[in-house]
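Chain by chain, the residues:
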Amino acid sequence: MSKINIRLFEKIKNYEIDEKFMKSSISENIINSISKYLVLILNTRQGSAPIDPNFGVPDFTNHIGGLSSGNISNIEEEITRMVQNYEPRLSNPKVRLLQEQSDILSLKFSLEGEVCINEQEIPFRLLTTVGSSGKISLQQ
C-alpha cells in the first residue's frame, strides 16, 4: 500500500499558519485534506482546467428538474469516476442518491469510501448536495 498523506502545499501552508493543524491528529488532517480536495474536484466544470480537459464534472443543472433514474445514475457515475480518477487517497468510492428529497431544486447524495491510514482502513462518508446552480457542496 502506498503511503497516504496530505498534499504538500497544504502541509506547508498549515504548518506555517495554523497551530490547530499541528495539534490535530494525522487522520483528522488527512480526512480534512480529502474533503477540501473533493470540494475542489466536484466544483470544477469539465473542460475548464487547461492542464486536463477531463478534470471536473459535467454541468448537472439540466438533470436537477428531471429526476429520471437514468439522470440520477449518470450523476452517480460521474461523481464516482471523478473521485476514482483524481482522489487516490479515497478507495472504493460509492455514490448513491439519498431518497429524502425535501428540496426539489437540489439532489443529495452520499459519498462513501475508505481511507488507509497507518495500514488501517478508516470509513469515510460525506453528504453531497448538487444545488440548482449546479454547485456541489459537501458535509461530513
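The structure under discussion appears in the preceding block.
Residues numbered from 1 in each chain as written. Predicted model: local features only at pLDDT ≥ 70, side-chain atom pairs only at ≥ 80, totals over all residues. Heavy atoms only, no water.

Student: What is the right way to look at the sheet that holds strand S1 (residues 90-97) in this model?
Tutor: Within a sheet, each strand pairs with its neighbour through backbone hydrogen bonds, oriented either parallel or antiparallel. The 4 strands lie next to each other as S1-S2-S3-S4, forming an open sheet whose pairing is antiparallel. The two strands at the open ends of the sheet, each matched to only one other strand, are S1 and strand S4 (136-139). Between one strand axis and the next, the sheet turns by 25° as a mean value, whatever way the strands run. Here 4 bridges tie strand S3 (residues 120-130) to S4, and the two strands are oriented antiparallel to one another. For Thr128, the partnering residue across the bridge sits in S4 and is Leu138. Contacts from helix H3 (residues 26-42) reach S1, strand S2 (107-117), S3 and S4 within the one sheet, and its direction differs from that of S3 by about 35°. (Pairing = 2+ DSSP bridges. Helix = DSSP H or I, 4+ residues; strand = E, 2+ residues; numbered from the N terminus. Axes fitted to C-alpha atoms, helices over the stretch in contact; angles between N-to-C directions. Contact = heavy atoms within 4.5 Å.)

Student: Would you explain unusual backbone geometry in this entry?
Tutor: Among all residues except glycine, the phi angle is most often negative; among peptide bonds, the trans geometry is most common. Positive phi values are uncommon outside glycine, yet Asn118 reaches one of about 55°. Residue placement: Asn118 occurs in the loop between S2 and S3. Among the residues examined, Asn118 registers a relative accessible area of 72% and is labelled exposed. Phi at Glu119 is positive, roughly 60°, even though this residue is not glycine. With respect to the helices and strands, Glu119 occurs in the loop between S2 and S3. Its relative accessible area of 76% is what places Glu119 among the exposed residues. (Buried < 20%, exposed > 50% of the residue type's maximum accessible area, 1.4 Å probe, protein only.)

Student: Looking at this structure, how should I read the pattern of salt bridges?
Tutor: When the charged atoms of two side chains lie near each other, side chains of opposite charge can form a pair. Inspection of every chain in the model, using the stated rule, returns 4 salt bridges. Among the salt bridges present, the one from Glu78 reaches Arg81, with a minimum N-O distance of 2.7 Å. Of this pair, Glu78 and Arg81 both sit in helix H5 (residues 69-86), separated by 3 residues, roughly a single helical turn. Judged by relative accessible area, which is 22%, Glu78 ranks as partly exposed. The exposure class assigned to Arg81 is partly exposed, which follows from its relative accessible area of 24%. Put simply, Arg96 and Glu112 hold a salt bridge, and the shortest N to O gap is 3.5 Å. Highlighted residues: Arg96 in strand S1 and Glu112 in strand S2, separated in sequence by 16 residues. Each member of the salt-bridge network shares a partner with another, and the members are Arg96, Glu112 and Arg125. (Salt bridge = Lys/Arg side-chain N within 4 Å of Asp/Glu carboxyl O.)

Student: Help me out: how do you make sense of the environment of Gln46 in this one?
Tutor: As for its placement among the helices and strands, Gln46 is situated in the loop between H3 and helix H4 (61-65). We classify Gln46 as partly exposed; its relative accessible area is 33%. If we ignore the near neighbours within four places in the chain, the residues touching Gln46 are Pro53, Asn54, Phe55, Gly56, Val57, Pro58 and Arg81. Among the polar contacts made by the side chain of Gln46, one reaches the main-chain carbonyl oxygen of Asn54 at a distance of 3.5 Å. (Polar contact = N/O pair within 3.5 Å; in protein donor to acceptor, adjacent residues only side chain to side chain.)

Student: How do you make sense of the packing of aromatic side chains when you look at a structure like this?
Tutor: Two aromatic rings are characterised by how far apart their centres lie and by the angle between their planes. By the definition in use, this model includes 1 aromatic pair. Considering the side-chain rings of Phe55 and Tyr86, the 4.9 Å spacing of their centres and the 80° angle between planes classify their relative orientation as edge-to-face. Here the residue Phe55 occupies a position in the loop between H3 and H4, and Tyr86 occupies one in helix H5, the gap between them amounting to 31 residues. Both residues of the pair, Phe55 and Tyr86, count as buried. (Phe/Tyr/Trp six-rings, centres within 6.5 Å; stacked < 30°, edge-to-face > 60°.)

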